[in-house]
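Spelled out from the first residue to the last, the chains are:
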Amino acid sequence: MKNIENSTKTKHEQILEHIESLEIGTKISVRQIAKDLEVSEGTAYRAIKDAEIQGLVSTKERIGTIRIEKKNRMNIDQLTFADVVKIVDGSVLGGAQGLDKPLNKFVIGAMKLEAMMRYVDPDSLLIVGNRDEVHKIALEHGAGVLITGGFDARKDVKNIADQKELPLISSSYDSFTVASMINRAIYDRLIKKKIMLVEDMIYVKKSDVFVLKCNHTVKDMQEIAETSGHSRFPIVDEWNRVTGMITSKDMIGADKNQTLDKYMTRNPITVNLQTSITSAAHMMVWEGIELLPVVDHHRKLLGVISRKDVLHALQHLQKQPQMGETFENLIWSGFEQEHGVNGELQFHGEITPQMTSQLGTVSEGVLTTLMTKAAYQAIGEVKKGDYVLDNISTYFVRPLQIDSKIKISPGIIEVSRKFAKVEVQIFHEVDLICKAMLTAQIIDS
């Protein structure tokens, strides 16, 4: 890191580095880590738990805690057998050593054995009931087996699973429910995959970041600003933890010999690697921030992201194919856009049973979602960009029944470089159902 001396690593950090250096598959324990690194068992336990959060180790049934390969977000939609165990609340009867293997597909065994085996490939998962011979043959074909209905397996089948390191799993759910649960999990992962995180974007790493310390003077900062050409700097302590932010504006009229702790913004807003790009953009717009420090779980500086970085990432995200659908997308997908006689924007659609509340009328949350989506579409026709909802005032006038056909009419009241104001109304035939006044901030550079 530039302009800051290396700090001594804590015991916690040393343990994490030690765990990360171990080969994949190495078994670890609190007692062994404490002995090898000469630390207390309490310190070792906390470090191992932190390593589990970071995806460096995993505790597996009948095995213990082992070093695992950190999951690549590019393969987030690919399930492992261990993921399946968690999804179906299963128990592992055999083949626990193969839990980390990814599965290519799953097959429901609702057919005769000969027909079933045509679909069973290596690294697939066969979902079947208490059919012992099927369990055995599937394992011999290189497939894992998920036994539904809570049934057990024969001892010889468990031995084959252990020998081939292919998971043999039992779940109390029936085959249809299990398949639905796995399908839902894959679908959710597709949605997560398209959510870009800070770790997915190219941000400025700590080795290239100019940082300052509290005991640096205003003169020190001015010299670094002239050398680097930067005007915003994170301030860290001796352990590299972010304690403040300072900008050239903070230095106006400042005494050159005064230390920076007198002028810096304390406890600044930060993000971590798991923060979504959209959340980071919202923070920057709402708070008027141009530079955000990226920190780890202990607030130690990993790097920084700028507003320009975030805008580029959002532009890239919009060009990506949309995989998986959220409830918002599903609600909006049934509405068609058109322009009225005078060119005004309108949306037409129908209230489906999924949109209703427990009272049988349309949910107020659904109506708010529809009005927000319509407002964004209207703003998009006038000014391209990304928007952050700033405020919405909603008035519900009449209840709306299932199967009602509605019209949504958004009207632009004002659009400036930074803000947009829109009035949105929803009609059923000639009756006004609800209306909203919405303001949004426009994200730009």
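Here is what the cut-offs are and how they apply
Residues numbered from 1 in each chain as written. Predicted model: local features only at pLDDT ≥ 70, side-chain atom pairs only at ≥ 80, totals over all residues. Heavy atoms only, no water. Helix = DSSP H or I, 4+ residues; strand = E, 2+ residues; numbered from the N terminus. Buried < 20%, exposed > 50% of the residue type's maximum accessible area, 1.4 Å probe, protein only. Contact = heavy atoms within 4.5 Å. Areas by Shrake-Rupley, 256 points an atom, 1.4 Å probe, with all protein chains shown as cover. Expected span 1.5 Å × (residues − 1). Arc of directions from axis to C-beta. Core = buried A, V, L, I, M, F, W, Y, C linked by side-chain atoms within 4.5 Å. Pairing = 2+ DSSP bridges. Axes fitted to C-alpha atoms, helices over the stretch in contact; angles between N-to-C directions. Phe/Tyr/Trp six-rings, centres within 6.5 Å; stacked < 30°, edge-to-face > 60°. Polar contact = N/O pair within 3.5 Å; in protein donor to acceptor, adjacent residues only side chain to side chain.

- For the protein chain, an unreviewed UniProt entry supplies the name DRTGG domain-containing protein and the organism Chengkuizengella axinellae.

## A word on the overall build of the protein chain
Phase 1: When you go through the protein chain residue by residue, the secondary structure sums to 13 helices and 21 strands.
Phase 2: Looking at the protein chain as a whole, 43% of its 445 residues qualify as buried.
Phase 3: Taking as baseline every contact in the protein chain between residues at least 6 positions apart, the subset at least 24 positions apart corresponds to 57%.
Phase 4: As displayed, the protein chain offers around 24000 Å² of accessible surface, 50% of which is attributable to carbon and sulfur atoms.

## Thoughts on helix α3 (residues 41-53)
Phase 1: Taking 1.5 Å of rise per residue, 13 residues should cover 18 Å, and α3 covers 18 Å from first to last C-alpha, within 8% of that figure.
Phase 2: For α3, the complete set of buried residues consists of Thr 43, Ala 44, Ala 47, Ile 48, Asp 50 and Ala 51. Buried residues in α3, looked at end-on, bunch into an arc of 160°, giving them a common side. Opposite the packed face of α3, turned more than 90 degrees from it, sit the exposed residues Arg 46 and Ile 53.
Phase 3: Gly 55 lies just past α3 and shows a positive phi near 80°.

## Considering the nonpolar core
Phase 1: The biggest cluster of nonpolar side chains holds 30 residues, and the ones touching the most others in it are Leu 370, Ile 406, Ile 408 and Ile 426.
Phase 2: Secondary-structure elements contributing two or more residues to this core are α12 (327-332), β17 (345-350), α13 (364-382), β19 (405-415), β20 (419-428) and β21 (431-443).
Phase 3: Per-element tally for this core: the top contributor is α13, with eight residues.
Phase 4: Those residues in contact with Ile 408, other than ones at most four positions away along the chain, are Trp 332, Phe 335, Leu 345, Gln 346, Phe 347, Leu 370, Ala 374, Val 424, Gln 425 and Ile 426.

## Regarding the pairing of β20
Phase 1: Note: β19 against β20, eight bridges, orientation antiparallel. In the sheet register, Lys 407 faces β20, and the bridge partner there is Phe 427.
Phase 2: Between β19 and the antiparallel strand that follows it, β20, lie three residues.
Phase 3: In this sheet, β21 lies alongside β20 in antiparallel orientation, the contact comprising 10 bridges. Its bridge partner being in β21, Ile 426 is matched across the sheet by Cys 434.
Phase 4: Counted along the chain from β20 to the antiparallel partner β21, the turn is two residues long, and its residue Glu 429 has a positive phi close to 60°.

## Focus: the sheet that holds strand β6 (residues 125-128)
Phase 1: Sheet architecture is open: five strands sit in the order β4-β8-β7-β6-β5, paired in mixed fashion. Edge positions in the sheet fall to β4 (91-94) and β5 (106-108), since each of these pairs with one other strand and no more. Direction aside, the axes of adjacent strands within the sheet are offset by 25° on average.
Phase 2: Strand direction decides the pairing type here: β6 and strand β7 (residues 144-147), joined by four bridges, are parallel. Note that in β7 the partner of Leu 126 across the bridge is Val 145.
Phase 3: Here helix α7 (residues 155-164) sits on the sheet in contact with β4 and β8 (168-170), set at roughly 90° to β4.

## Description of the packing of aromatic side chains
Phase 1: Under the counting rule described, the total for this entry stands at two aromatic pairs.
Phase 2: For the pair Trp 332 and Phe 335, a centre-to-centre distance of 5.7 Å together with 10° between the ring planes defines the contact as stacked. Here Trp 332 and Phe 335 have matching classes, each one buried.
Phase 3: An angle of 55° between the planes, with centres 5.0 Å apart, marks the rings of Trp 332 and Phe 347 as tilted. Taken as a pair, Trp 332 in helix α12 and Phe 347 in strand β17 lie far apart in primary sequence, 15 residues in all.

## Here's the deal with the environment of Asp 83
Phase 1: Mapped onto the fold, Asp 83 is located in helix α4 (residues 81-87).
Phase 2: Considering only alpha carbons, one finds Asp 83 and Pro 102, 19 residues apart in sequence, at a separation of 9.1 Å.
Phase 3: Within the local environment of Asp 83, its side chain forms a polar contact with the backbone nitrogen of Thr 80, the two atoms lying 3.0 Å apart.

## A closer look at the sheet that holds strand β12 (residues 242-247)
Phase 1: In space, the four strands of this open sheet follow the order β10-β11-β12-β13, with mixed pairing throughout. The sheet is open, and its two edges are formed by β10 (212-213) and β13 (265-266), each paired on a single side.
Phase 2: Together, β10, β11 (232-236) and β12 form the strand contacts of helix α9 (residues 218-228), whose direction differs from that of β11 by roughly 130°.

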